[in-house]
Amino acid sequence: MMLKLIFTTIISAISVLGMSGTATAAGGGDVTLLKKDWSFSGIFGHYDKASMQRGFQVYLEVCAGCHSIEYMSFRNLADLGYNEAEIKAIAAEYEVQDGPDEDGEMFMRPARPADRMPSPYRNDNEARANNNGALPPDLSLIAKARAHGPDYLYSLLVGYGDAPEGVDVPDGMYYNNAYSGNLIAMPQPIYGDDVEYSDGTSTNAEALSADVTHFLMWAAEPKLEVRKRIGVATVFFP
Amino acid sequence: MSAAKFSNPVVRWIDHRLPVFTMLDHTANEYPTPKNLNYMWNFGSLAGLSLVIMIVTGIVLAMSYTAHVDYAFESVERIMRDVNHGWLIRYIHMNTASFFFIVVYLHIFRGLYYGSYKAPRELLWILGVVIFLLMMATAFMGYVLPWGQMSFWGATVITNLFSAIPLVGESIVTFLWGGFSVDNPTLNRFFSLHYLMPFLIAGVVILHIVALHRFGSNNPIGIDTKGKQDTISFHPYYTIKDIVGVAMFLLLLSVAVFFFPNAMGHPDNYIPANPMQTPAHIVPEWYFLPFYAILRAVPDKLGGVLLMFGAIAILFILPWLDRSPVRSARFRPVFRIFFWLLFIDAIALGYLGGKPAEGIYVTLSRIATAWYFLHFLVILPMLSVFESTKPLPKSISEPVLATTVAAE
Ligand code: HEM
């Protein structure tokens, strides 16, 4: 009987947690969450390198104009399957500030793999000034900073649509089925065919959204693969 | 207890001057342990293991952590990304904190069920409650360190509670903060104290064990051991049983760390602290939720704070609230029903603490809070007088032998 107590407690604790998680996700309005089968979910989960590379391209060409990804360095791109030369070349397309030099001057130089991804804005005020007063959040941890992370991101990106009858959408706000309260200050970023993939895979809105979500999940949890690998070894083959 | 019984001459030489081996031998071989302990007696050693894991991983984390409002969040992300196996150390620390509370809650409920708080173990119990309080303070301050949104707002809400104290409340809050809001001085003192308090806990655990060894463990039937026929030596019988528990514990902990490391956390804590933006719902870590529910059940702030602390304070006087001479719930049919009601009540409070304080949840929280206090302040004292308990066996051996005879 006492052993039963142990398990009931653990199971109730977990279910209470689960429920409080959903409670915080629902902030009001009609929120739809689309569930997808991600290659990284489950205990044998792993990232799909091709999808992450495409997602990185979507991030660069669509999101990077407004959103920083400050905890990511160019060198981390090795996880996506890029080799050293490719990473150097990608980094070299960016200019970063360095210094001071011998004369005490700050100067600009091409980025190196060890540098962090540069932000689109110098500070939050500039970011707000360019986005109708709304602050586009940094995306490095966004997949862990929202309940149901990847499913939520995907639902948000494909969730734009016309407001239902009677809902007033103010200027500079957009109607979204996944966002809590349904009114978001981010204009619809993905319509489909926004980027051209070199591997010939689909570029419809769903595919682009899934790829960029995959990339963002990696950005938030780069050690997921090694974690699950060690986990399987520890739990099943002790 | 002479040193002569050790055959190894080095051991003998040391033991003669520093009797550590005699002490170990006493604990393992001479210390009599009731022979009928069940698996509910595993949670003490598991709590000790949790404390060790927390201290070891915590010290390693502190090597790469920066206690400054501008760098704390980033330093944690560095640990997660750039420090070798930093993600592993952090996830172990995070999840073991939760497991520590699960284990200690079970340890406490074990004590409640089998009446382990009763004479002569009152001080042992009280030291346990002191440990529980220290654990809560330690966990609260630890949660502030990564400086995410919940860190900041949790710290703000909880420290603000002290402002409810009449006259001196505001000054106490300013004193805790080291300023006029939760800010860098707050973070620094919390780090300092978070590092200190686990060692205080370790100290109280030693006292807890000393008190335990004075009269030995209680047992599932709750009667005193009457002699050699009722006891077995700790080693190898309970060392092996404890190891079974440890294996189970490590297995479940590994599942959490490797497959669901953030399940017991809140997503908002991956957003850097922002004093200008209040989260939609501020919720503490799950293990505080029952107390959070009690706090919010009372419409008056001071009243809520008093009841919340009262809920723990009441445990200190429990040995004198429950005057029934029978310890174990096995022989207290009515008490046993109320025990399980209290257990459900505690789970209900935990659930309600995670819900927004509105509508039906407030009403339910009030009922559950009232029941909690009713249990300790009215039901237990009444049961001590009115309950007719079942007859106790004469010794621990008696019912064991009786069933063997019946089986033959
Ligand atoms: C750091 C936390 C703690 C540690 C390391 C710890 C350790 C232990 C150990 C090793 C035992 C003997 C094994 C057992 O009976 O399970 C024990 C017994 C006991 N502990 Fe704790 N404990 C902790 C917290 C608490 C708390 C919070 C309470 C109650 C509020 C408590 C109350 C008791 C009681 C009453 C006993 C004797 C139980 C019996 O023999 O029936 N302990 N503790």
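Residues numbered from 1 in each chain as written. Chains lettered and ligands numbered in written order. Predicted model: local features only at pLDDT ≥ 70, side-chain atom pairs only at ≥ 80, totals over all residues. Heavy atoms only, no water.

> Can you break down the coordination of the iron atom of the ligand residue by residue, with the values?
Residue and element names in this part refer to chain B. Protein coordination at the iron atom of the ligand: the donors are His107 (NE2) and His208 (NE2), at 2.1 to 2.2 Å from the metal. One can describe the site at the iron atom of the ligand as octahedral: its six donor atoms subtend angles covering 79 to 179 degrees at the metal. Note that His107 is positioned in helix H5 (residues 86-114) and His208 in helix H9 (residues 184-215), a separation of 101 residues in sequence. A single burial state applies to His107 and to His208, both of which are buried. (Donors = N, O, S within 2.8 Å, 3.2 Å for Na, K, Ca; no water. Tetrahedral: all angles 85-135°; square planar, octahedral: opposite > 155°, others 65-115°. Helix = DSSP H or I, 4+ residues; strand = E, 2+ residues; numbered from the N terminus. Buried < 20%, exposed > 50% of the residue type's maximum accessible area, 1.4 Å probe, protein only.)

> Just give me the short version of the confidence of the model for chain B, but keep the residues and values in it.
In the predicted model, chain B carries a mean pLDDT of 95, and the fraction of residues at 70 or more is 97%. Two numbers describe this predicted complex: its pTM, 0.91, and its ipTM, 0.90. (pLDDT = per-residue confidence, 0-100.)

> I'd like a rundown of the interface of chain B and chain A, residues and numbers included.
Across the contact, 43 residues belong to chain B and 38 residues belong to chain A. Overall, the association of chain B and chain A removes approximately 3700 Å² of surface from exposure, summing both partners, and the carbon and sulfur fraction of that is 74%. Counting the contacts that link chain B with chain A gives two salt bridges. Note that Asp82 of chain B is salt-bridged to Arg75 of chain A, the shortest N-O span being 3.4 Å. Counting across the chain B and chain A interface gives seven residue pairs in polar contact (both at pLDDT 80 or more). (Contact = heavy atoms within 4.5 Å. Buried area = accessible area lost by both parts, 1.4 Å probe. Salt bridge = Lys/Arg side-chain N within 4 Å of Asp/Glu carboxyl O. Polar contact = N/O pair within 3.5 Å; in protein donor to acceptor, adjacent residues only side chain to side chain.)

> If you had to explain the packing of helix H5 (residues 149-157) of chain A against helix H6 (residues 205-220) of chain A to someone new, which residues and values would you point to?
Pairs of packed helices are described in terms of their axes, by the angle between the two and the distance that separates them. Residues and elements named next belong to chain A. Contact geometry of H5 with H6 gives a least axis separation of 9 Å together with a crossing angle of 145 degrees. Taken as a pair, H5 and H6 cross one another with a handedness that is right-handed. Across the interface between the two elements, Pro150, Leu153, Tyr154 and Leu157 of H5 pack against Glu206, Ser209, Ala210, Val212, Thr213, Leu216 and Met217 of H6. For the contact of H5 with H6, a count of residues per class yields eight nonpolar, two polar and one charged. (Axes fitted to C-alpha atoms, helices over the stretch in contact; angles between N-to-C directions. Left-handed = near helix turned anticlockwise from the far one by under 90°. Nonpolar A, V, L, I, M, F, W, Y, C, P; charged D, E, K, R; others polar.)

> Quick one: what's the story with the domain arrangement of chain A, residue by residue and with numbers?
Residues and elements named next belong to chain A. By domain assignment, chain A separates into domain 1 (24-38 + 45-72 + 134-238) and domain 2 (73-116). Of the roughly 980 Å² buried at the junction of domain 1 and domain 2 (both faces included), carbon and sulfur atoms supply 59%. It is Gln53, Met72 and Trp218 in domain 1 that bury the most area against domain 2; as a group they hold 49% of the surface buried on that side. Summed over the shared surface of domain 1 and domain 2, the result is zero salt bridges. Elements supplying a minimum of two residues to the side of domain 1 that touches domain 2: helix H2 (49-63) and H6. Ranked by residue count, the leading element in the side of domain 1 that touches domain 2 is H2, at five residues. (Domains from an automatic or database assignment.)

> Please give an account of the environment of Val144 of chain B that cites residues and values.
All names here are of chain B. Within the secondary structure layout, Val144 lies in helix H6 (residues 122-144). Considered as a pair, Val144 and Ala72 are 72 residues apart in the sequence and their alpha carbons are 9.9 Å apart. Once residues within four sequence positions are removed from consideration, Val144 is found in contact with Ser151, Ala155, Leu187 and Phe190.

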